[in-house]
Amino acid sequence: MGVPRLSAGDPGSYSNPHEAIVQHMDVHYDVDFSRSVLSSVVTLTVYLKSNDTKELILDTRDLHVKKIYSEENKNELEYTLDKPVHTFGSKLTINIPHTTAKRVLITIEYETDPKSTALQWLKPTQTAGKSHPYLFSQCQPDHCRSIIPCQDTPSVKGTYRATVTVPEEFVALMSAVKEKEPSTLPNGKKKFFFNQTVSIPAYLVAIAVGNLESKQLGPRSSVWCEPEILERAAYEFAETEIMLKTAEDICGPYVWKIYDLLVLPPSFPFGGMENPCLTFITPTLLTGDRSMVSVVAHEISHSWTGNLISIKNFEHFWLNEGFTTFIERKINGRLKGEPYRHFCAIGGLKDLRQSIKTLGDKNPYTKLVVDLTGVDPDDAFSTCPYEKGHTFLFYLEELVGGADKFESFLRSYFTQFKNQSVDTDDFKKHFLNYFAAEEKVKTIDWDSWLFTPGMPPYIPEYDTTMQEAVVRLVNIWSKTKTDDELPQSADDFKALIPEQVEEFCALLLEREPLPLDRLKKLDQLYDLSSIKNTEIKFRWLRLCIRSRWEEKIDEALEFATEQGRMKYVRPIFRDLFAWEKSRTKAIKRLREHETSMMHVLVRNLNTDLENTIVVS
């Protein structure tokens, strides 16, 4: 029998916000690198929706609860911690004594587990400086329950205040505004103070501790990272304020006060994470030519889509990522021209086709609105909510008459639902009400877009100006029959911008693998092997593996283990698992490095390996 929905509002959360809702958290962390744990105390401000409410239900995963008591009178409260279910952790039920008060304060003393799924504890050798350990969190989608007993559902939004105590040589950061300067304690430690005054879902709580320094980028922004890469990072992200202002032109005022970036060590599994006030960024973006900073535009866009307006549960994840991808490309379109926006959309559409091919066009996870009953949201993660969602919004923008009309709608949507959590029906109703006078909206096939697996029912006619130069070059290399007809000069290739080179490799990946001798000629002419841009390098190494270039196996393995970004690591390992000559070496490398990888990446890689073995 499968796992049922854990609660009426969220299939992956035990919590009962319809009876008692956590409005604020006061969290105190003492960071213990020697044991890889956070010694913690949290006081929850709980709003009781009825005087008859008898219990508060929280989500936990591998937390070691020591004591629970009423903050007002220090009386201990009875509680039950159930056995874990599936990957969702354990239900914590706290009995609430009868009270006429609308709000109660409940304090929980606990410790995290060294294997907390939200925390990555790095040894000094896994950092840039090699001298200090490092801690960072990743709470999306449902991992906050492994660092705080909380209502771990995006339908619940609240504020938080926090203190973080660390050894004095470290700096602590959180997804909040620094409340005051850190204080030095007599025991050789420092205490940092943070305050998040805008309501957020639990998955946006974030913490990082390391040997960190910062450099100001603009009036609202600084970049944080280890000192060894600070100058590189400051150069790479120097245009952050420009992107932030452009986002405000599209979406409305930025409400979070600061927008800082934290460049994490390489094991961070994503391109970025939109933690409010402190976006987490992968170091794979440090190319030296600012060719990959669109990830920052994406995370900035989340300040409105996901953070200001959140989703009720992860079955509506496309409302976060489809909207964010759409706004990211609008930002880039304004900064680099509308043809560039369309060029990025074409590349995203190709990624969507590849994702659906990998998952299967009947796979229910390729719908925009998915059923996550009994499903860990991490297991349903793919490109689909990003790119299928973007395509839907691009179609809607075309349908209602273009960018001006649709951006006006977006601002009304952000105003209507700010600080709330919504689902797809909320979006649909607001859209139809806003465009009630537009006859064309009656033609929208909502069911096909939202609830049908596979590719979207309609593909916009994108501007192909930037794409055509790439396609011409790809056709020469993939369709020319004799080597005499191949280019003798690299001039056409040198005229491409990095994003077009990335697309050149991506399109070759869609064709039959090039014969190895031809791939080597291509490399000799264009010197792709020397390119440092990770988006290009990732695709180039996949081309090498598909053409069975044995000398590239070790280089591919090195690339897949020197950083932990899932969008790179999983496809590279899948390619290596599928090739008999590289499979044993790939499995050996995975086992050697899995302890330094994030929990979610290891799970997915092992699933990929199992699927490859079954297929072969």
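An account of the accompanying structure is given in this report.

Calculation notes
Residues numbered from 1 in each chain as written. Predicted model: local features only at pLDDT ≥ 70, side-chain atom pairs only at ≥ 80, totals over all residues. Heavy atoms only, no water. Helix = DSSP H or I, 4+ residues; strand = E, 2+ residues; numbered from the N terminus. Rg over C-alpha atoms; globule rule 2.2 N^0.38 Å. Buried < 20%, exposed > 50% of the residue type's maximum accessible area, 1.4 Å probe, protein only. Contact = heavy atoms within 4.5 Å. Areas by Shrake-Rupley, 256 points an atom, 1.4 Å probe, with all protein chains shown as cover. Lys, Arg positive; Asp, Glu negative; His and termini not counted. Charge placed at Lys NZ, Arg CZ, Asp CG, Glu CD. Disulfide = S-S within 2.5 Å. Pairing = 2+ DSSP bridges. Axes fitted to C-alpha atoms, helices over the stretch in contact; angles between N-to-C directions. Parallel < 35°, antiparallel > 145°, perpendicular 65-115°, else oblique. Left-handed = near helix turned anticlockwise from the far one by under 90°. Nonpolar A, V, L, I, M, F, W, Y, C, P; charged D, E, K, R; others polar.

## Looking at the overall build of the protein
For the protein, the count of helices and strands is 18 helices and 21 strands. Here the C-alpha atoms of the protein give a radius of gyration of 25 Å, agreeing with the 25 Å that 2.2 N^0.38 yields for 616 residues. Taken along the three principal axes of its C-alpha coordinates, the protein extends 85 × 65 × 55 Å. Buried positions account for 59% of the 616 residues belonging to the protein. In the protein, of all internal contacts separated by at least 6 residues, the share reaching a separation of at least 24 is 72%. Approximately 25,000 Å² of the protein is accessible, and the part contributed by carbon and sulfur atoms is 50%. For the protein, the distance from the average position of its 74 positive side-chain charges to the average position of its 87 negative side-chain charges is 1 Å.

## Quick look at the state of the cysteines
Note on terminology: disulfide describes a covalent bond linking the sulfur atoms of two cysteines. Summed over all chains, the structure comprises 0 disulfides. Lacking any disulfide linkage, Cys384 is separated from the closest cysteine sulfur, that of Cys344, by 19 Å. Of the cysteine sulfurs around Cys544, a residue in no disulfide, the closest is that of Cys505, at 9.0 Å. Judged by relative accessible area, which is 0%, Cys544 ranks as buried.

## Details of the sheet that holds strand β14 (residues 207-210)
To summarise the sheet geometry, strands pair through backbone hydrogen bonds and adopt either a parallel or an antiparallel arrangement. Pairing in this open sheet of 4 strands is antiparallel, and the strands run β8-β9-β14-β11 from one edge to the other. What marks the edges here is a single partner per strand, and that holds for β8 (119-122) and β11 (171-174). Shown here is a sheet whose adjacent strand axes are inclined to one another by a mean of 15 degrees, direction ignored. One ladder, built from 2 bridges, connects strand β9 (residues 134-137) with β14; its direction is antiparallel. Each residue of the ladder has a partner; that of Phe136, found in β14, is Ala208.

## Some points on the sheet that holds strand β19 (residues 278-281)
One open sheet accounts for 5 strands, arranged β15-β16-β17-β19-β18; its pairing is mixed. Each end of this open sheet is capped by a strand with a single partner; those strands are β15 (213-216) and β18 (272-273). Here strand β16 (residues 222-225) runs beside strand β17 (residues 260-263); their pairing, made up of 2 bridges, is parallel. In the sheet register, Val223 faces β17, and the bridge partner there is Leu261. Along the sheet face, helix α3 (residues 294-301) touches β17, β18 and β19 and points at about 145 degrees away from the line of β19.

## Points about the packing of helix α15 (residues 553-562) against helix α17 (residues 580-593)
Two numbers describe how α15 lies on α17: the axes approach to 11 Å, and their chain directions differ by 25 degrees. Comparing the axis directions of α15 and α17 gives the class roughly parallel. Handedness of the α15/α17 crossing: right-handed. Across from Ile553, Asp554, Leu557, Glu558 and Thr561 in α15, the residues of α17 making contact are Lys581, Ser582, Lys585, Ala586, Arg589 and His593. Class assignment for the residues of the contact of α15 with α17 results in 3 nonpolar, 3 polar and 5 charged.

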